[in-house]
Amino acid sequence: MSDAFVPVAALADLAPGEAIDVVIGDLEIAVVRDEDGGVHALEDICSHDEIALSDGDVEGCTIECWKHGSQFDLVTGRPLQLPAVLPVRVFPVRIDESSGAILVDPTAAPAT
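Here's a quick rundown of the structure. Computed from a predicted structure; not experimentally measured.

**As for the overall build of the protein chain**
Right, so step 1: Per the secondary structure count, the protein chain includes zero helices and 11 strands.
Right, so step 2: Listing each helix as α and each strand as β along the protein chain from the N terminus yields β-β-β-β-β-β-β-β-β-β-β.
Right, so step 3: For a compact globule of 112 residues, the expected C-alpha radius of gyration is about 13 Å, and the protein chain comes in at 13 Å, within 12% of that figure.
Right, so step 4: Taken along the three principal axes of its C-alpha coordinates, the protein chain extends 40 × 30 × 20 Å.
Right, so step 5: Put simply, the protein chain has 112 residues, and 38% of those count as buried.
Right, so step 6: Contacts spanning at least 24 positions in sequence make up 37% of the contacts within the protein chain whose residues lie at least 6 apart.
Right, so step 7: Accessible surface, the protein chain as shown: approximately 6,000 Å² in total, 50% of it carbon and sulfur.

**A word on the sheet that holds strand 8 (residues 79-81)**
Right, so step 1: Taken together, the four strands give an open sheet; going across it, the order is 5-6-7-8, and neighbouring strands pair in antiparallel fashion. Across the chains shown, the open sheet's two edge strands, defined by having one partner strand only, are strand 5 (57-59) and strand 8. Averaged over all pairs of adjacent strands, the angle between their axes in this sheet comes to 30°, without regard to strand direction.
Right, so step 2: Two strands pair when backbone bridges link them, and strand 5 and strand 6 (residues 62-64) are joined in this way by three bridges, in the antiparallel orientation. Of the residues in strand 6, the one forming a bridge with Asp57 is Glu64.

Thresholds applied
Residues numbered from 1 in each chain as written. Predicted model: local features only at pLDDT ≥ 70, side-chain atom pairs only at ≥ 80, totals over all residues. Heavy atoms only, no water. Helix = DSSP H or I, 4+ residues; strand = E, 2+ residues; numbered from the N terminus. Rg over C-alpha atoms; globule rule 2.2 N^0.38 Å. Buried < 20%, exposed > 50% of the residue type's maximum accessible area, 1.4 Å probe, protein only. Contact = heavy atoms within 4.5 Å. Areas by Shrake-Rupley, 256 points an atom, 1.4 Å probe, with all protein chains shown as cover. Pairing = 2+ DSSP bridges. Axes fitted to C-alpha atoms, helices over the stretch in contact; angles between N-to-C directions.

Below you can see the structure in the form of structure tokens.
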């Protein structure tokens, strides 16, 4: 089995409470550092209105779409606030301790 993790950013460049957009192949992924410092990766499109979640606000372990206020759990991708009712895809994340790189596995299964 090959290692599917891809380096996408440096941990030092992503402050707690911040999100960035990265592209791996044809996937746009929001890499988010929650307020406690945990790093998450999820599909960078709100399931309600195709708005970039990486432009939204991070609160605790959630991200809020700036356009209509849908909130998503950073761990599960499930919507916590209407109008979104469908989850967004989440991706496994690793931190390379030696380099400080954030690595994302873009091969995770789609949200169900």
